[in-house]
Amino acid sequence: MSYVTSLKCRECGQDYPVKPLHVCETCFGPLEVVYDYERIRAVMSREAIKARPSNLWRYRELLPVDGEPEAGPFSGFTPLLAARRLAAELGLKSVYIKDDTVNHPTLSYKDRVVSVAITKASEFGFTTVSCASTGNLATAVAAHAARARLRCYIFMPEGVEAGKIVGSTIYGAQVITIRGNYDDVNRLCSEIADKYGWAFVNINLRPYYTEGAKTFGFEVAEQLGWRLPDHIVLPTAGGTILPKVAKAFKEFHEVGLIEDGHVKVHCAQAAGSAPVVHALHKGTDLITPVKPNTIAKSIAIGNPADGFYVLKAVRESGGWGDAATDEEIIDAIKLLARTEGIFAEPAGGTTLAVAIKLINQGRIKRDESLVVSITGNGYKTLEAVAGALEQPFVIEARLKDFDALFERLQNGKRSVAGAA
Ligand SMILES: *Cc1c(COP(=O)(O)O)cnc(C)c1O
Ligand SMILES: [Zn+2]
């Protein structure tokens, strides 16, 4: 049972049938799924949701699938942690971490969007799925495609982390890396999608795929006790998650699940790939593409498809945004690990680093509640921080060697021991 009525062009409003379409034939605007909120309001309740399994399909009336969802039976419903030690360091009263480092099965927010896209690909009868990816999407598509018994081709820019390549190939996907950056990969994939007729989750299935990102926001609201925070900071790459989380909050109000809350939505980018933040700071709608250069490879998109909608959502909410340098990103990854025991990938470091900037700028105040969105796991991007950490000591398996080392450590003399 689906509550989707059509696809609609976000620019000119023209209606389209529920098919694998993504751009308007008239104005080339992006298409978006339209729901019958009236009917959803009549069937969706807090009690009904709470009685369902702890996965993203607990909000299925607000997701664009027709039948019983096939993909992602354990995806979503990740922890929302009250981060008391981090809050104390930041000088805030209530800070929450929405922790998608433990999303099932590939440890990033992409398990949400891909669960919806793969279910939809099967519903449409595709036998081959594909994607243009900065890394996390690749691992998610490869894993979910394996379960769904779909053939899978993955396209990534060269230079992505080993964990993302190994973490895609392992599932039997055909992985192809492209000499160029993500924007080059994306351009090529649009041509391949046209010619080969495959389901590219983030190209021709984009209207369905992006809806999966709303579940990040639905969960935040439910896990806060059907309330909204004062602030949420989200990372921006192609510009999917941020506007969709803003939409999720609006929809929950629309269907009567929460009171109208006012959330300031803030955008975080890496300084080496910050076209949206530049436009935000300049006060323009015009996003000037950049050539990405940052350790935050999963969010290194220089020409974001939905950057305009990120600006719109941020401005409508009264939020702001900022960019973090690679050094600030690494410091924030360490801070989160040290205070809350969560190892984020650089996208998460970016989000926390930007949250700290917004606090220092006085935009997020001591008494206000803050959700920091941690969208990916650091175990997949070890090379990003390995060089910035101290090497382990190497000693013989002899107690007296340890005694000597321990004494040196007690005296604070770290540098004497060999660091092979
Ligand atoms: C893809 C990704 C994002 C956000 O990308 P959008 O395209 O803006 O939705 C954020 N964090 C991680 C770890 C990602 O992989
Ligand atoms: Zn149009």
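Our subject in this report is the structure included herewith.

Parameters at a glance
- Residues numbered from 1 in each chain as written.
- Chains lettered and ligands numbered in written order.
- Predicted model: local features only at pLDDT ≥ 70, side-chain atom pairs only at ≥ 80, totals over all residues.
- Heavy atoms only, no water.
- Phe/Tyr/Trp six-rings, centres within 6.5 Å; stacked < 30°, edge-to-face > 60°.
- Helix = DSSP H or I, 4+ residues; strand = E, 2+ residues; numbered from the N terminus.
- Buried < 20%, exposed > 50% of the residue type's maximum accessible area, 1.4 Å probe, protein only.
- Lys NZ or Arg CZ within 6 Å of the ring centre and 35° of its normal.
- 1 Å grid on protein atoms, 1.4 Å probe; cavity = no way out; pocket = protein on both sides within 12 Å on 5 of 7 lines; lining within 4 Å.
- Points joined across faces, edges and corners; volume = space filled by probe spheres on them.
- Nonpolar A, V, L, I, M, F, W, Y, C, P; charged D, E, K, R; others polar.
- Pairing = 2+ DSSP bridges.
- Right-handed = clockwise from strand over helix to strand, strands pointing away.
- Donors = N, O, S within 2.8 Å, 3.2 Å for Na, K, Ca; no water.
- Near = heavy atom within 4 Å.
- Polar contact = N/O pair within 3.5 Å; in protein donor to acceptor, adjacent residues only side chain to side chain.
- Areas by Shrake-Rupley, 256 points an atom, 1.4 Å probe, with all protein chains shown as cover.
- Sits in = over half its atoms within 2 Å of the grid points.
- Axes fitted to C-alpha atoms, helices over the stretch in contact; angles between N-to-C directions.
- Parallel < 35°, antiparallel > 145°, perpendicular 65-115°, else oblique.
- Left-handed = near helix turned anticlockwise from the far one by under 90°.
- Contact = heavy atoms within 4.5 Å.

Brief notes about the packing of aromatic side chains
Within the structure shown, the criterion is met by 13 aromatic pairs. Seen from their ring centres, Phe343 and Tyr379 are 5.2 Å apart, and the 75° between their planes marks the pair as edge-to-face. Taken together, the residues Phe343 in the loop between α13 (326–340) and α14 (346–360) and Tyr379 in the loop between β13 (369–374) and α15 (382–386) connect sequence positions 36 residues apart. Classification of Phe343 as partly exposed rests on a relative accessible area of 22%. Grouping aromatic residues by their ring pairs yields a cluster made of Tyr153, Phe155, Tyr196, Trp198 and Phe200. For the cation-ring pair, Lys120 lies above Phe124, with the distance from its terminal atom to the ring centre recorded as 5.3 Å.

Side note on the layout of surface pockets
Empty space left among the atoms is revealed by rolling a probe the size of a water molecule over them. Considering only enclosed or pocket space, the largest pocket measures out at about 900 Å³ in volume. Of all the secondary-structure elements, those providing two or more residues to the lining of the largest pocket are β3 (31–35), α5 (136–148), α7 (182–196), α8 (206–209) and α10 (241–254). As a volume, the second largest pocket reaches approximately 520 Å³. Forming the walls of the second largest pocket are 21 residues, and the residues nearest its centre are Arg10, Glu32, Lys247, Lys250 and Lys312. Only β1 (4–9), β3, α10 and α12 (307–317) provide two or more residues apiece to the lining of the second largest pocket. Tallying contributions element by element places α10 first for the lining of the second largest pocket, with 8 residues. The residue inventory of the lining of the second largest pocket, partitioned by class, reads 9 nonpolar, 2 polar and 10 charged.

Considerations on the pairing of strand β6 (residues 128–132)
Among the 5 residues of β6, 5 are classified as buried, and the element is accordingly described as predominantly covered. Residues Thr128, Ser130 and Ala132 line one face of β6 and the alternating positions Val129 and Cys131 line the opposite face, and both faces are buried. Pairing between β6 and strand β7 (residues 151–157): 5 bridges, direction parallel. When the sheet's bridge partners are listed, Ser130 is paired in β7 with Tyr153. Each parallel crossover has a hand, and for β6 linked through α5 to β7 it is right-handed.

A few points about the coordination of the zinc ion (ligand 2)
Within the first shell, the zinc ion (ligand 2) binds the protein through Cys9 (SG), Cys12 (SG), Cys24 (SG) and Cys27 (SG), at distances of 2.3 Å. When the donors of the zinc ion (ligand 2) are listed by position in the chain, the intervening gaps give C-x2-C-x11-C-x2-C. With Cys12 in the loop between β1 and β2 (15–16) and Cys27 in the loop between β2 and β3, the pair connects residues that are 15 residues apart, well separated along the chain. Owing to a relative accessible area of 42%, Cys12 belongs among the partly exposed residues under this scheme. The class for Cys27 is partly exposed, based on a relative accessible area of 33%.

Structural notes on the site of ligand 1
Near ligand 1 you find 16 residues, and of these Tyr109, Lys110, Ala237, Gly238 and Thr375 are the closest. Residue Gly239 places a main-chain N or O atom 2.9 Å away from an oxygen atom belonging to ligand 1. Protein contacts shield 96% of the accessible area of ligand 1, which totals 390 Å² for the unbound molecule. A majority-of-atoms criterion places ligand 1 in the largest pocket. The residue inventory of the shell around ligand 1, partitioned by class, reads 6 nonpolar, 8 polar and 2 charged.

With respect to the packing of helix α11 (residues 275–282) against α12
Where α11 meets α12, the axes come as close as 10 Å, and the angle between the chain directions of the two elements is 45°. On the basis of their axis angle, the class for α11 and α12 is oblique. Considering how the two elements wind past one another, α11 and α12 form a crossing that is right-handed. Mapping the contact onto sequence places Val276, Ala279 and Leu280 in α11 and Gly307, Val310, Leu311, Val314 and Arg315 in α12.

Re the packing of α5 against helix α6 (residues 162–169)
Look at α5 against α6: their axes get within 8 Å of each other, and the N-to-C directions meet at 15°. Overall, the two elements α5 and α6 adopt an arrangement that is roughly parallel. By crossing handedness, the relation of α5 to α6 is classed as left-handed. For the pair α5 and α6, contact is made by Asn136, Ala138, Thr139 and Ala142 and by Gly163, Lys164, Gly167 and Ser168, respectively. Grouping the constituent residues of the contact of α5 with α6 by class yields 2 nonpolar, 5 polar and 1 charged.

Purely geometric stuff here, so don't read any function into it on its own.
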